[in-house]
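Descriptive analysis of the structure
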Amino acid sequence: MNFDYDLFVIGGGSGGVRAARIAASEYGVHVGLAEESRMGGTCVIRGCVPKKLMIFASQAGAMAAESRGYGWPEAQSGDFDWPHFHHKLERELDRLEGAYTGGLQGAGVDIHKQRARILDAHTVELADGQRITAKHILIAVGGRPQLPGIPGQELGMISDDLFTMERLPGRVLVVGGGFIACEFATILKGLGSDTVLAYRGDAVLRGFDDEMRRHVTEQLRMIGVDLRLGAAPERLDREGASSVRVTFKDGSSEVFEAVMFATGRAPYTQGLGLEELGVKLGRKGEIVVDEWSQTSVPSIYAVGDVTDRVNLTPVAIREGHSFADTVFGAKPRKVDHSLVASAVYTRPHELATVGLTEEQAAARGPADVYVASFRPMRSLFGGSEVRAVMKLIVETGTDKVLGCHIFGPEAGEMIQMVAIPMGMGATKADFDAAMAVHPTLAEELVTMRKPTRRIGGDNADKAVVSA
Ligand SMILES: Cc1cc2nc3c(=O)[nH]c(=O)nc-3n(C[C@H](O)[C@H](O)[C@H](O)COP(=O)(O)OP(=O)(O)OC[C@H]3O[C@@H](n4cnc5c(N)ncnc54)[C@H](O)[C@@H]3O)c2cc1C
Ligand SMILES: NC(=O)c1ccc[n+]([C@@H]2O[C@H](COP(=O)([O-])OP(=O)(O)OC[C@H]3O[C@@H](n4cnc5c(N)ncnc54)[C@H](O)[C@@H]3O)[C@@H](O)[C@H]2O)c1
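No experiment lies behind these values; they were computed from the predicted model shown.

**Comments concerning the overall build of the protein**
Within the protein one finds 14 helices and 22 strands. The C-alpha radius of gyration computed for the protein amounts to 24 Å, which stays within 12% of the reference 23 Å derived for 467 residues, consistent with globular compactness. Dimensions along the principal axes, computed over C-alpha positions, put the protein at roughly 70 × 65 × 45 Å. Split into buried and exposed, the 467 residues of the protein put 43% on the buried side. A separation of at least 24 residues holds for 66% of the contacts in the protein among residues at least 6 apart in sequence.

Spelled out as structure tokens, the structure:
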């Protein structure tokens, strides 16, 4: 049977763009790609990239304070000029979108700037009615913000809206306690908004190492975020022309200029035609795939957030690349999701992590926990008491490093380097054998000599030596 394309990709985000480009440029495959919005997807247009630029912008006040501590008594950040920043941000996103589009075109990929849905195992239909056949279809449509399902929620914003606001809200409520809530509360507070964060749990970042969660929670308070733990909004009502009244579960109510929901994301599978076709979906609507990213319909594959494995850009990219190598390059490649490093870009300290948390390690068996908590020289001299924390979790018996957690400036940069030896199965002795780079924060990772406590197994919870 003749097809219009060897491969048709739905979604021009991290996973789809990589798969399309590799298939076309490395393996000479005839590829078409549909994107309903801006090329680059969530990460480039409304995620990682604009978020990190806003994190940088939000540091001005802290940088001025530190400069004063270093002998610049006049240092002041002044007021943030949102229109100025926003204009620059838009130009940067245009540039990146152009680069992604150009990369695909250069590889010979045909771009269809419209929504696609699947009609059968080899046919997609574009929004303009055009039908296209392909030997293989790759679904890389990502996820969408999920709302909490409360009355008046349409009055709130979602993470996409942070990057397109006309002005900064004076008083804002962020709802949630995950990656996005923590980063967005940090940004909004740093840019000058009076920021309240409502989270229904007792410490933010559920699923992360408990000790580290407490540090991030305390830091949010320390930077001036009005943190409401055990709090959840029950309804939103319009108040006057431009404000929203939020009623919380405990019956109290408050008025905000803006409410931002950061209450999770869900796979964007609605309206794609998957149920009709018999593509197996999971409980959250995610596409169920095997280790080769193949769905229950053999000609259809899926990568990235839509499969809800590990929802991070480098993972989507690796899945897309592996798919292209496997299906078109005769180089079968599976993605190992077991040791994925990540960072939460809060300020002044980030939380970065790879491997098991202390709680996961304890459930698995005996392990030694090494913790170093200290005031970094740079911020200490600048006048701040803020502490950095580094933690290694080491399996008793094998000496293998099972987990590393860093709460400190540029922790994301450090964890990337730690992920390499950990992926190679490094032991604590391997870490100790590395000569320290002095004076740095990272040297703590190779100079922690005595365990702070032992977890799991019979000798658990007996502090061996205090750090
Ligand atoms: C605010 C925020 C911050 C983030 N920060 C980070 C970070 O710092 N680090 C990190 O690693 N990850 C981060 N992420 C997660 C990261 O953005 C995602 O994991 C990644 O973008 C997933 O890539 P993807 O290819 O699966 O989907 P996406 O990048 O979401 O791409 C899917 C694309 O498909 C298009 N599409 C959807 N349906 C159709 C259709 N029917 N027809 C045509 N096109 C369609 C969409 O318009 C979109 O462009 C962040 C996410 C958010 C929301
Ligand atoms: N730095 C990064 O790498 C980065 C940054 C942002 C996002 N991401 C990715 O995007 C994903 C989505 O981020 P996210 O923060 O939206 O999701 P999340 O799953 O990390 O957090 C969602 C939060 O919302 C809370 N919540 C859920 N339903 C609620 C309700 N009805 N009422 C009140 N609270 C509710 C949850 O308890 C949780 O704290 C992340 O899991 C991550 O994979 C990564």
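**Topic: the packing of helix 1 (residues 14-27) against helix 10 (residues 313-328)**
When two helices pack together, you describe them by how their axes are tilted relative to each other and by the distance separating the axes. In the contact formed by helix 1 and helix 10, the axes pass within 7 Å of each other and the chain directions differ by 30°. In this view, helix 1 runs roughly parallel relative to helix 10, as classed from their interaxial angle. As helix 1 runs across helix 10, the sense of the crossing is right-handed. The residues of helix 10 that touch helix 1, namely those facing Ser14, Gly15, Gly16, Arg18, Ala19, Ile22, Ala23 and Tyr27, are Thr313, Ala316, Ile317, Glu319, Gly320, His321, Phe323, Ala324 and Phe328.

**Observations concerning the sheet that holds strand 21 (residues 401-408)**
One open sheet holds the 6 strands; their spatial order is 17-18-21-20-19-22, and the pairing between them is antiparallel. Taken across any chain shown, the strands that pair with only one partner, and hence form the sheet edges, are strand 17 (342-344) and strand 22 (453-455). The average undirected angle you get between the axes of adjacent strands in this sheet is 15°.

**Things to note about the site of ligand 1**
Residues in contact with ligand 1 amount to 35 residues; listed here are only the nearest, Gly11, Gly13, Gly41, Gly142 and Gly304. Put simply, the parts of the chain that give the shell around ligand 1 at least two residues each are helix 1, helix 2 (41-46), helix 3 (48-57), strand 4 (116-120) and helix 10. Split by residue class, the shell around ligand 1 holds 14 nonpolar, 15 polar and 6 charged.

**As for the site of ligand 2**
Taken together, 22 residues form the shell around ligand 2, and within it Pro148, Gly176, Gly178, Ile180 and Asn311 come nearest. Of all the secondary-structure elements, those providing two or more residues to the shell around ligand 2 are helix 7 (179-191) and strand 17. In terms of residue count, helix 7 provides more of the shell around ligand 2 than any other element does, 4 residues in total.

**Section: the nonpolar core**
Ranked by internal contacts, the top residues of the largest apolar core, which has 71 residues, are Val174, Ala181, Phe184, Leu197, Val259, Met260 and Ile415. The element best represented in this core is helix 7, accounting for 9 residues. Lining this core are residues from two domains, each supplying at least three of them: domain 2 (153-263) and domain 3 (342-449). Not counting chain neighbours up to four residues away, the residues in contact with Leu197 comprise Val174, Ala181, Ala185, Leu220, Val225, Leu227 and Arg228.

**Focus: helix 1**
Its 14 residues place the ends of helix 1 19 Å apart at the C-alpha level, agreeing with the 20 Å of an ideal helix rising 1.5 Å per residue. Burial runs high along helix 1: 11 of the 14 residues are buried. Among the residues of helix 1, those classed as buried are Ser14, Gly15, Gly16, Val17, Arg18, Ala19, Ala20, Arg21, Ile22, Ala23 and Ala24. Lining the buried residues of helix 1 we find strand 1 (5-10), strand 2 (31-34), helix 2, helix 5 (82-106), strand 6 (131-139) and helix 10. Just beyond helix 1, the residue with positive phi is Gly28, at close to 65°.

**So, helix 10**
Counted at 1.5 Å a residue, the expected span for helix 10 with its 16 residues is 22 Å, and the 22 Å between its end C-alpha atoms agrees. Of all 16 residues in helix 10, 13 are buried; the element is thus mostly enclosed. Ala330 sits one or two positions beyond helix 10 and adopts a positive phi of about 50°.

**What about the pairing of strand 6?**
Relative to strand 6, strand 1 runs parallel, the two being bridged by 5 bridges. Bridge pairing links Val9 to Leu138 in strand 6. Examined bridge by bridge, strand 5 (residues 123-126) and strand 6 share 3 bridges and lie antiparallel to one another. Bridged to Glu125 within strand 6 is Arg131. Hairpin connection between strand 5 and strand 6: a loop of 4 residues separates the two successive antiparallel strands, and Gly129 in this loop has a positive phi of roughly 95°.

Rules of the game
Residues numbered from 1 in each chain as written. Chains lettered and ligands numbered in written order. Predicted model: local features only at pLDDT ≥ 70, side-chain atom pairs only at ≥ 80, totals over all residues. Helix = DSSP H or I, 4+ residues; strand = E, 2+ residues; numbered from the N terminus. Rg over C-alpha atoms; globule rule 2.2 N^0.38 Å. Buried ≥ 20, exposed ≤ 12 C-beta atoms within 10 Å, placed from the backbone. Contact = placed C-beta atoms within 7 Å. Axes fitted to C-alpha atoms, helices over the stretch in contact; angles between N-to-C directions. Parallel < 35°, antiparallel > 145°, perpendicular 65-115°, else oblique. Left-handed = near helix turned anticlockwise from the far one by under 90°. Pairing = 2+ DSSP bridges. Near = placed C-beta within 6 Å. Nonpolar A, V, L, I, M, F, W, Y, C, P; charged D, E, K, R; others polar. Core = buried A, V, L, I, M, F, W, Y, C linked by C-beta atoms within 7 Å. Domains from an automatic or database assignment. Expected span 1.5 Å × (residues − 1).

These results come straight from atomic positions and should not be treated as a statement about function.
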